[in-house]
Amino acid sequence: MTVYKGPVFDMAVNQFGVIADHLEIPKDERARLLMPKRSVTVSCPIHLDDGSVQVFEGYRVQHHLTLGPTKGGTRFAPQVDLGEVAALAIWMSWKCALVGLPYGGAKGGISVDPLALSPKELEHLARRYMQEMIPFVGPHTDVMAPDMGTNEQVMAWFMDTYSMYQGKTVTEIVTGKPVSAGGTLGRREATGRGVAYLIRRVMGDMSIKLNEATAVIQGFGNVGSFTAFELQRFGVKIIAVSDHTGALHRASGLDVASLMEYTKKHGSLRGYSDALQYDPQEMLTLPCDVLVPAAVERVITPEIAGKLRCRILAEAANGPTTPEADLILDKRQDEIFVLPDILANAGGVIVSYFEWVQDLQQLFWEEEEVTRREYHILDRAFDQMVRRAQIEKVSHRTAAMAIGVEKVRAAKQTRGLFP
Ligand code: NAD
């Protein structure tokens, strides 16, 4: 019996089973590695602008505390539930271990459509959520960050709320803050930059010329837009993008800077151009060099996986590929290079770690140093993953997750089981 339910949690369990079998982890050790250490559910009542009161359900799941504090984003989205948050926390653990950060994974969220709230209502909800979480988080316990539906402003409200209760400014309680409130240079761009950097590496290995390459990107929020921006800077043509309101396609390439300006002003791609409208599902199977899912989970289904016409699948989102689709991608390994989520989007948590370190030390780095160190860590993890996949003849996902799971397991074994 477990309180964690739903397709996304089942996916995390299923993936862990594959890794545990591959690593021949004894059955009685598995639950200790997989099941979250703590989960908190809170009711967040707020006043709406019309004077009424609405209660929103919020969650935080801390997966393991073996390597240090837990670390992970906070998602404001209608489909958020405890099972999804737990799955995302588990994936964060393997990701942090893969890239060598001293954290366990965590995730949080509120089941809400943030676009349906006014700025004042959003602020009230963000502050109330953090206030409810104060007994369970801390700079050395659990450090929050942005995820889907939250941004730098929400992180600033989280930090301010926590600090008000402490009677002093505690910038290191959250990462992904604005630079004006203790954030680091390069965090806003970090996840997308990391995705694009790794894609460029893979294109180099596959002898794909950047200025002849094409990309399709699903999701045009923080991660999708900065991935598109960086790829375009490298010379890659962005032939299609989408968000929750629809997709745009232009074979000769879209103007990413103008799309970013438009979404900043209007909140989404809706209304950018009627002439460029395209079917969002069909967009995923357009012929291209790289497909970047950068939105929600479970979009690469077995049906889509069979029809993909990309040469690289760069998973910027968490959990975009179902385990059933993975079986198909395994058979297409010679055609499609998969950059699995726990590596592809790790640039975000790597630079969040740099932000936490800088806040603790009150010593701030130049953006060039932040980015250089981010790429160095990504390169190291990429090399380890590719080598391991070749030696053990497994998929990149299995190799990357095996490295992560193995590190958490080793830490638990050397620390022992209390009492
Ligand atoms: P965001 O809220 O900034 O943007 C999300 C985007 O996805 C929006 O453009 C939204 O319209 C779009 N979207 C939502 N549902 C969609 C659908 N069904 N089809 C197409 N587009 C859809 O979120 P984000 O921070 O860019 O996060 C995107 C993904 O990247 C999530 O899976 C998140 O967990 C992951 N991620 C984010 C970070 C980070 O630093 N923000 C780090 C690692 C991983």
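For the structure itself, look to the data block above.
Residues numbered from 1 in each chain as written. Predicted model: local features only at pLDDT ≥ 70, side-chain atom pairs only at ≥ 80, totals over all residues. Heavy atoms only, no water.

Caption draft 1: Highlighting the site of the ligand. As a matter of local geometry, the ligand sits amid 22 residues, with Asp147, Thr191, Val223, His244 and Asn318 nearest to it. At 2.9 Å from an oxygen atom of the ligand is found a main-chain nitrogen or oxygen belonging to Val223. Contact with the protein chains hides 83% of the accessible area of the ligand, taken as 830 Å² for the molecule alone. Taken together, the elements giving at least two residues each to the shell around the ligand come down to helix 6 (187-205), helix 7 (222-234) and strand 7 (237-243). For the shell around the ligand, the per-class residue count stands at 8 nonpolar, 10 polar and 4 charged. (Near = heavy atom within 4 Å. Polar contact = N/O pair within 3.5 Å; in protein donor to acceptor, adjacent residues only side chain to side chain. Areas by Shrake-Rupley, 256 points an atom, 1.4 Å probe, with all protein chains shown as cover. Helix = DSSP H or I, 4+ residues; strand = E, 2+ residues; numbered from the N terminus. Nonpolar A, V, L, I, M, F, W, Y, C, P; charged D, E, K, R; others polar.)

Caption draft 2: Region of interest: the packing of helix 6 against helix 14 (residues 367-392). Direction vectors running N to C along helix 6 and helix 14 enclose 50°, while the axes themselves pass 10 Å from each other. Classed by the angle they form, the pair helix 6 and helix 14 counts as oblique. Of the two possible hands of crossing, helix 6 and helix 14 adopt the one that is right-handed. Within the contact between the two elements, helix 6 uses Glu189, Ala190, Arg193, Gly194, Tyr197, Leu198, Arg201, Val202 and Asp205 and helix 14 uses Glu367, Thr371, Glu374, Tyr375, Leu378, Asp379, Phe382 and Asp383. Considered class by class, the residues forming the contact of helix 6 with helix 14 number 7 nonpolar, 2 polar and 8 charged. (Axes fitted to C-alpha atoms, helices over the stretch in contact; angles between N-to-C directions. Parallel < 35°, antiparallel > 145°, perpendicular 65-115°, else oblique. Left-handed = near helix turned anticlockwise from the far one by under 90°. Contact = heavy atoms within 4.5 Å.)

Caption draft 3: Spotlight on the packing of helix 1 (residues 7-22) against helix 3 (residues 82-98). Running from N to C, helix 1 and helix 3 point in directions that differ by 35°, and their axes come no closer than 7 Å. Of the two possible hands of crossing, helix 1 and helix 3 adopt the one that is left-handed. Note on element contacts: helix 3 touches helix 1 through Gly83, Glu84, Ala86, Ala87, Ile90, Trp91 and Trp94, opposite Val8, Phe9, Met11, Ala12, Gln15 and Phe16. Broken down by class, the residue content of the contact of helix 1 with helix 3 amounts to 10 nonpolar, 2 polar and 1 charged.

Caption draft 4: Structural detail: the sheet that holds strand 12 (residues 337-339). The 7 strands lie next to each other as 9-8-7-6-10-11-12, forming an open sheet whose pairing is mixed. Looking along the sheet, the strands with just one partner apiece sit at the ends: strand 9 (277-278) and strand 12. Strand direction decides the pairing type here: strand 8 (residues 246-249) and strand 9, joined by 2 bridges, are antiparallel. Bridge assignment links Ala247 to a residue of strand 9, and that residue is Tyr278. The strands that helix 7 touches are strand 6 (214-218), strand 7 and strand 10 (290-293); relative to strand 6, the one it contacts most, it runs at about 170°. (Pairing = 2+ DSSP bridges.)

Caption draft 5: Molecular detail of the packing of aromatic side chains. On inspection of all chains with the given rule, the structure shows 12 aromatic pairs. When the centroid spacing of 4.0 Å and the interplanar angle of 5° are considered together, the rings of Tyr197 and Tyr375 count as stacked. On the criterion of sequence distance, the pair formed by Tyr197 in helix 6 and Tyr375 in helix 14 is long-range, its members being 178 residues apart. Considered together, Tyr197 and Tyr375 belong to a single accessibility category, that of buried residues. Members of the aromatic cluster, joined through ring pairs, are Tyr103, Tyr353, Phe354, Trp356 and Trp365. In this structure, Arg200 is placed above the aromatic ring of Phe234, and the distance from its NZ or CZ to the ring centre is 4.3 Å. Across from the ring centre of Trp365, 4.4 Å away, lies the NZ or CZ of Arg373, which sits over that ring. (Phe/Tyr/Trp six-rings, centres within 6.5 Å; stacked < 30°, edge-to-face > 60°. Buried < 20%, exposed > 50% of the residue type's maximum accessible area, 1.4 Å probe, protein only. Lys NZ or Arg CZ within 6 Å of the ring centre and 35° of its normal.)

Caption draft 6: Focus on the environment of Met385. With respect to the helices and strands, the residue Met385 is situated in helix 14. Relative accessible area serves as the criterion here: at 0%, Met385 is assigned to the buried category. With 287 residues separating them along the chain, Met385 and Leu98 place their C-alpha atoms 8.9 Å apart. Sequence-distant contacts of Met385, defined by excluding residues within four places in its chain, comprise Pro340, Leu343, His396, Ala399, Ala400 and Ile403.

Caption draft 7: View of the pattern of salt bridges. A complete count under the given rule lists 27 salt bridges for this structure. Between Arg409 and Glu29 there is a salt bridge whose closest N-O contact spans 2.6 Å. Here Glu29 lies in helix 2 (residues 27-34) and Arg409 lies in helix 15 (residues 396-415), a separation of 380 residues in the sequence. Measuring nitrogen to oxygen at the nearest pair gives 3.7 Å for the salt bridge that ties Arg372 to Glu368. On the criterion of helical spacing, the pair formed by Arg372 and Glu368 is a turn pair, its members being 4 residues apart in helix 14. (Salt bridge = Lys/Arg side-chain N within 4 Å of Asp/Glu carboxyl O.)

Caption draft 8: How the structure looks around the pairing of strand 3 (residues 70-77). Of all 8 residues making up strand 3, 8 are buried, and the element is well covered by its neighbours. Summarising the sheet, strand 3 and strand 4 (residues 104-111) pair through 6 bridges and their orientation is parallel. Residue pairing in the sheet places Phe76 in a bridge with Ile110 of strand 4. Handedness of the strand 3-helix 3-strand 4 crossover: right-handed. Examined bridge by bridge, strand 3 and strand 5 (residues 142-146) share 5 bridges and lie parallel to one another. Paired with Gly72 across the strands is Met144, a residue of strand 5. (Right-handed = clockwise from strand over helix to strand, strands pointing away.)

Caption draft 9: Seen up close, the environment of Thr161. Among the structural elements, Thr161 can be located in helix 5 (residues 152-166). Taking the C-alpha atoms as reference points, Thr161 and Tyr129, separated by 32 residues in sequence, lie 9.6 Å from one another. When sequence neighbours within four positions are dropped, the list of residues in contact with Thr161 reads Arg127, Met130, Gln131 and Ile134. From its side chain, Thr161 meets the backbone oxygen of Trp157 in a polar contact 2.7 Å long.

Caption draft 10: Local environment of the sheet that holds strand 3. Pairing in this open sheet of 5 strands is mixed, and the strands run 1-2-4-3-5 from one edge to the other. At either end of the open sheet lies a strand with only one pairing partner, and these are strand 1 (38-47) and strand 5. Pairs of neighbouring strands in the sheet enclose a mean axial angle of 25°, with direction left out of account. Pairing of strand 1 with strand 2 (residues 53-62), which is carried by 10 bridges, proceeds in the antiparallel orientation. The residue of strand 2 that forms the bridge with His47 is Val53. Along the sheet, helix 4 (residues 119-133) contacts strand 1, strand 2, strand 3, strand 4 and strand 5; its crossing angle with strand 1, the most-contacted strand, is approximately 140°.

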